[in-house]
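Okay, here's what each chain looks like letter by letter:
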Amino acid sequence: MAKDLDHGTVLPKALHTVRAVDTATMIELLGETSGAAKPQAIEILAAHLAPGGTHYVIPWPRRSWEAPVEGCVSAVMLLRMSDGALIMRGLHEQVPLLRFQQLPKTMSSWEEYRTARRARGIRRDLHVWSRDHRHDHSCKHPHCLEERAGHCSCFTFLEDLRTARDRPAGLERGSAQEAIRLLMASGFIEIRARSHLVEHALADRETDAALRHLKQMRMIANLCHNLPQNFFPKRAKARERLAIESLRFHLRELDPDDRAAQWVVRQLEAQGFDYVRVLRDRIKWRHTR
């Protein structure tokens, strides 16, 4: 992550580290960042952070046309919310350099790499999370009660499609098309790996283990065999709508006993894809409670 793909500036090598902080430290950083929000907004945000959660500060290359802030480092903040969601706040928050260097390094290089890669796939920001949070009637914060009053209690399927149409064309990280590609790649890799496990299980005469692996392979094959047709249309927006419909179909219930849906969720969460926005409304309400 030394350089942003879209006209980004190169970061010094000393800033290629991701810092994991607790909630108290993150609240302090939110108040110290350059151009910080109003104290009331920070107070509301702090009330919705996970009390024992881990948050991340990731140095992020600034755009080439943005003027640097002396004594500050451009960074992205990944926040763990009270409902378990991981969201992105700000793309170029200006964190004081000395304050950033004082944060302890507690992550391995591999953990830093995975966290930075995951951050590039997170499209759910504070605004989108707040919009979905209106469905959470268990939150009794005064601000949330006031915001919930007068708003529609649901977001329709047409609004979700309108959001997909408004996004720029192309296969950006976080799009439904990229999620479908991820599912196909993960499915092919897992089927290949499990085929070797079946071979070893049969050689050891462990029939039950071999049947379990074959059952998992069949489930993944059934899940992925219709996904390639989502890329047949020539128009990017048409491909995106088909990809959204495929994700909606596979995540139509999200029951713990639905092995296929749970497999899809694990693959998407591992790469930081925000799949909540494509859920059916009745499932979205239950998921955000």
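Scroll up to find the structure this text is about.
Quick caveat, the model's predicted, so the values are computed rather than measured. (Residues numbered from 1 in each chain as written. Predicted model: local features only at pLDDT ≥ 70, side-chain atom pairs only at ≥ 80, totals over all residues. Heavy atoms only, no water.)

**Some thoughts on the nonpolar core**
- L183, L247, L251, L268 and Y275 are the most contacted members of the largest nonpolar core, which totals 26 residues.
- Looking at this core, the elements that each hand over two or more residues are α8 (176-203), α9 (207-224), α10 (236-250) and α11 (259-270).
- Element by element, the count of residues in this core is highest for α8, at 6 residues.
- Ignoring anything within four residues of it in the chain, the contact list for L247 reads A176, A179, I180, L183, L268 and V278.
- The next biggest cluster of nonpolar side chains, apart from the first, holds 19 residues, and it includes V57, A75, M81 and A85. (Core = buried A, V, L, I, M, F, W, Y, C linked by side-chain atoms within 4.5 Å. Buried < 20%, exposed > 50% of the residue type's maximum accessible area, 1.4 Å probe, protein only. Helix = DSSP H or I, 4+ residues; strand = E, 2+ residues; numbered from the N terminus. Contact = heavy atoms within 4.5 Å.)

**Concerning the packing of α8 against α11**
- Look at α8 against α11: their axes get within 10 Å of each other, and the N-to-C directions meet at 110°. By the angle between their axes, α8 is roughly perpendicular relative to α11. Residues A179, L182, L183, S186, G187 and E190 of α8 lie in contact with α11, whose contacting residues are W263, V264, Q267 and L268.
- Grouping the constituent residues of the contact of α8 with α11 by class yields 6 nonpolar, 3 polar and 1 charged. (Axes fitted to C-alpha atoms, helices over the stretch in contact; angles between N-to-C directions. Parallel < 35°, antiparallel > 145°, perpendicular 65-115°, else oblique. Nonpolar A, V, L, I, M, F, W, Y, C, P; charged D, E, K, R; others polar.)

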